[in-house]
Amino acid sequence: AGVGSGRGSLAGVPHSSVPSSTSLRKSCRRAAMVPSALFGSKAAPTPPSEPAEVSVPVAELTEATRRGIKTFGYDDAETKILLDVMMYAQLRGNNQGIIKVTTKAIARDPSAGAITAEYATMLSTCYNGNKNAGMVVLHKAMETAVEKARDHGFGICGTNNTCTSTGALGYYAEKVAAQGLIALVFAVSPEFVAPNGAMEPIFGTNPIGVGIPTENGPVVLDMATSAYSFFGLLEARTAGKKIPHGVAIDGNGDITEDPNAAIEGGAIKTFDGGYKSSNLALVVELLAGPLVGAAIADKMSEKNWGNLVIAIDPKLLGQAEFEKRAAAVTARVKAAKKMPGVDEILLPGERGDAFAAEVKRNGCINVEANLWRDLQALAAEYVSPAGAPPPAAAGKRTPGGANGWGIATRLVHPESSVEDPFMATAPPLYQTATFAQPSATTNGPYDYTRSGNPTRDLLEMQMAELEGATRGFAFSSGMSALMTVTRLVRSGERIVTGEDIYGGTSRLLGQVVPKVGIEVINVDTNDLAAVKAAIDGGNTTMVMLESPTNPRLQITDIRAISQMAHAKGALVCVDNSIMAPVFQSPLDLGADISMTSATKFISGHSDLTGGILTCRGEQLAKDIYFHQNAEGTLLGPFDCWLALRGLKTMALRMEKQQANTMVIARWLEAHPLVSKVNYPGLESNVGYALHASQASGAGSILSFATGNVELSKIVVEETKLFKITVSFGNTSSLISLPCFMSHASIPPEIRAARGLPDDLVRISTGIEDVEDLIDDLDKAFVLASNTVLGVDTGVKNGSAKNGAPGGAREEELLKRIAVLEAQLK
């Protein structure tokens, strides 16, 4: 469980030692891969003849890691924890990351049982991990310690009987500190490290994690008491590299740079090679060994490793202003006079955090070529319970169409056209209801616009091309399109749909469709077992999905559910309005029908109302056309022409809107008045990895909760750049309270049962300058907090504004914030 990241350094460093954007971006061109074995004895490594690293999109790495974890049989909740901990390390250049997947260091023990509490008091719990994953067990202990510290000021939790790595302890320390608590985390691993003066491994790498909450965010120390981590040795062996001089010895006690010699009979040294680090390693060994009931000898064979996590509320010592005072200390350190050649004095964790931030900005990270190859191979072995094939690479634009063009090119240059003698560069508008026929007994290609119109054909053909469909259909609204979908279902049959769906869809399925004898079942589409039970439990012929859902932005596994539905003989329709063809192609994921609201991103300017259906299969297309023509639910020629114009710039708009949304989402996530942010582009979102496997972007819709309806209402009403309105996808930013607007048709008791809170705010981000949008939101939040709570909690750019020295006003402020925090809990 050792950490070799160097995150714990508190020293001045030359600017060149901090990762630069150039160093991260320069290798976005993929390097050639170098074959290298993961296991087995090898001769001393020699430098590879080809570049040893490849640049991998972060979303692609995340999804491959998720699938790799899944091959070991972990459930979704366990997988999320393992993925979060390892990606936290990987994005910080810490060798506690994906190497644990490819080396099978997280392999699930087949004898694993339920995690049980061996001993518990008001302030403490000792968990028996029963051979569960170390990260999962320590995560549970962390949550318990935090809960006790919140309730009683102090929480201490130990764990034993785990036999896999706990990962980077900085992850847990940061999580605890983010709650305003002091964190101390210790972990013991098998015998890898020799005490000072010994040539035999006795200690584990024995890392220490410390999290200190400050007014400017947590300060996180994450360091091993060893000079190198065991996984660092494995990583070096995988890459065919030498290890740093002086960090390890061979079986004869001699310094070695060969990772194989250190692994096979040798040992790692403590971090300074002397008695001080050796003594510190011993202290960790005692705290996370005997104190928690873990093995104290032959830890490897007993597979009983220990961990200890402590959470302390500074108020336990009467320090209500601890975070402000801690920030003053760190500010003094940062402002200290620097030695020549030192550009910045770094606090613990800053180097890794800067690296992670740069990686996220660039969207790619360098990974050892053979490590990435092995991870891909492992990920390819995973098949979802529903038999879904491996996902397409996330974060990529897959070329399509007959010419193999990207989506932006295909939007501007559609393959379809109508005969135009004047060869206009813009599509012609046929604003007519009827067409003259060649004779009284012969028909031309068009006769009546309800049945067909050249302008509508252009729109329908281009949407079919964009979605890889057999045919497309333009309707007068998204709801008329979805109504036509329900016409494919007969009386006595069942429609299965989600719980978190657009209000208009909920009204259609809940109040209109049942009138003709169709059964509608709402189910949590995140629960695949419940979805399968709903599909198999009746005469299901249609499954209607959203992903992301509206308005909570939950992610639905379209592939898995499509396979379940098809096994039953049912059709699948996906409302793709939030993603549009720019970011997601439901038909490629297994759906039969894709619905996209033309009112939203296709138009982009809120100047038309329309809906598009695309489908695969000639018979299905004929059935949809029959109902469209018979019921006259078509989109008029002028609205079709506006939609065609909107398609030209859709990619440009959506990419700008998405970039703005990511900035706003991170700002909201750091805001003290926001209890939750729903956005699939945030790593904290439950469906982050799944969405990355289905879509090439996170889109520009987010929602957030404050825990206070009045506060949310004021935020919505006091913004100036955000228009208060239903719908989304406009060039202007939009804001709403869904429960009182777009989803008001859903009865309050049903909204409550589905977990749709009245304080939820939905934002559709426009193309404005994001700095202005943040400033607008910040002012609205300040006014809302002053009005509702009497507290100024403005956090311009994510940092607290109230940094003045202590006094009566500050004391009162802290009391009111405590009231707010209690409400948010």
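All of these numbers come straight from a predicted model, not from anything done at the bench.

A. Main features of the packing of aromatic side chains. Counting across every chain of the model gives eight aromatic pairs. Aromatic side chains F435 and Y446 sit 5.5 Å apart centroid to centroid with 35 degrees between the ring planes, which places their arrangement in the tilted category. Pair noted here: F435 is in the loop between helix 14 (407–412) and helix 15 (454–467) and Y446 is in the loop between helix 14 and helix 15, with a separation of eleven residues, a long-range link. Across this residue pair, the class does not change: F435 and Y446 are buried. Aromatic pair F704 and F781: ring centres 5.9 Å apart, planes at 40 degrees, arrangement tilted. Taken together, the residues span a long stretch of sequence, with F704 in strand 22 (residues 701–705) and F781 in helix 28 (residues 770–788) at a distance of 77 residues. One exposure class covers both F704 and F781, and it is buried. Taken together, the ring pairs connect Y88, Y171 and Y172 into an aromatic cluster. Directly above the ring of Y88 sits R92, whose terminal nitrogen or CZ lies 3.9 Å from the centroid. Sitting above the plane of the F728 ring, K600 keeps its charged end 5.2 Å from the centroid.

B. Fine view of the nonpolar core. One finds L61 and Y172 to be the most contacted residues of the largest nonpolar core, which totals 74 residues. Among the nonpolar cores identified, the runner-up in size contains 31 residues, and M463, F601, I612 and F728 belong to it.

C. Up close: empty space enclosed by the protein. One pass over the full model with this rule turns up four cavities of 30 Å³ or more. Its boundaries defined by the atoms lining it, the largest cavity holds a volume of some 60 Å³. Together, L482, T497, I501, T505, M544, L545, E546, C573 and D575 line the largest cavity. At the level of secondary structure, the elements contributing two or more residues to the lining of the largest cavity comprise strand 17 (540–546) and strand 18 (571–575). Among the elements that make up the lining of the largest cavity, the one with the highest residue count is strand 17 (three residues).

D. Region of the structure containing the pattern of salt bridges. Inspection of the entire model under this criterion finds 23 salt bridges. Of the charged contacts in the structure, one is a salt bridge between E63 and R67, with a shortest N-O distance of 3.7 Å. Placement of both E63 and R67 in helix 2 (residues 58–70) is noted, with a separation of four residues, approximately one turn of the helix. Like E63, the residue R67 is buried in the burial classification. Measuring nitrogen to oxygen at the nearest pair gives 2.5 Å for the salt bridge that ties D76 to K70.

E. How the structure looks around unusual backbone geometry. Of note, the bond from S547 into P548 is cis; its omega dihedral lies within 30 degrees of zero at -5 degrees. Inspection of the secondary structure puts P548 in the loop between strand 17 and helix 19 (558–568). Here the residue pair N550 and P551 is connected by a cis peptide bond, since its omega of 20 degrees sits within 30 degrees of zero. Following the sequence through the fold, P551 ends up in the loop between strand 17 and helix 19. You will see that K131, though not glycine, has its phi angle at about 70 degrees, which is positive. Following the sequence through the fold, K131 ends up in the loop between strand 4 (124–128) and helix 5 (134–152). Of note, L553 is a non-glycine position whose phi angle comes to about 55 degrees, a positive value.

F. Structural view of helix 3 (residues 76–90). Taking 1.5 Å of rise per residue, 15 residues should cover 21 Å, and helix 3 covers 20 Å from first to last C-alpha, within 8% of that figure. Three or more residues of helix 3 are buried, namely E78, T79, I81, L82, L83, V85, M86, M87, Y88, A89 and Q90. Near the N-terminus of helix 3, the side chain that reaches the backbone nitrogen of A77, with its oxygen 3.2 Å away, is that of D75.

G. The arrangement of the pairing of strand 22 in detail. Burial analysis of strand 22 places five of its five residues in the buried class, which makes it a mostly covered element. Neither face of strand 22 is left uncovered, since the one carrying I701, S703 and A705 and the one carrying L702 and F704 both have all their residues buried. As paired elements, strand 21 (residues 676–678) and strand 22 share three bridges and run antiparallel to each other. The residue bridging V677 from the neighbouring strand is F704, located in strand 22. By the bridge criterion, four bridges tie strand 22 to strand 25 (residues 761–764) in an arrangement that is antiparallel.

H. Examining the environment of M542 more closely. Structurally, the position occupied by M542 is in strand 17. For M542, a relative accessible area of 0% translates into the label buried. With 29 residues separating them along the chain, M542 and L571 place their C-alpha atoms 4.7 Å apart. Leave out the neighbours within four places in its chain, and M542 touches V485, L488, V489, R494, I495, V496, A570, L571, V572 and C573.

I. Geometry of the environment of K70. Within the fold, K70 resides in helix 2. Classification of K70 as buried rests on a relative accessible area of 11%. Residues within four places of K70 in sequence aside, it is in contact with D75, D76, T79 and Y382.

J. Representation of the environment of A469. Relative to the assigned elements, A469 resides in the loop between helix 15 and strand 14 (471–475). Along the sequence, A469 and S594 sit 125 residues apart, while their C-alpha atoms lie 9.0 Å from each other. Excluding anything up to four places from it in sequence, A469 contacts A464, L587, T614, C615 and R616.

Analysis parameters
- Residues numbered from 1 in each chain as written.
- Predicted model: local features only at pLDDT ≥ 70, side-chain atom pairs only at ≥ 80, totals over all residues.
- Heavy atoms only, no water.
- Phe/Tyr/Trp six-rings, centres within 6.5 Å; stacked < 30°, edge-to-face > 60°.
- Helix = DSSP H or I, 4+ residues; strand = E, 2+ residues; numbered from the N terminus.
- Buried < 20%, exposed > 50% of the residue type's maximum accessible area, 1.4 Å probe, protein only.
- Lys NZ or Arg CZ within 6 Å of the ring centre and 35° of its normal.
- Core = buried A, V, L, I, M, F, W, Y, C linked by side-chain atoms within 4.5 Å.
- 1 Å grid on protein atoms, 1.4 Å probe; cavity = no way out; pocket = protein on both sides within 12 Å on 5 of 7 lines; lining within 4 Å.
- Points joined across faces, edges and corners; volume = space filled by probe spheres on them.
- Salt bridge = Lys/Arg side-chain N within 4 Å of Asp/Glu carboxyl O.
- Expected span 1.5 Å × (residues − 1).
- Polar contact = N/O pair within 3.5 Å; in protein donor to acceptor, adjacent residues only side chain to side chain.
- Pairing = 2+ DSSP bridges.
- Contact = heavy atoms within 4.5 Å.

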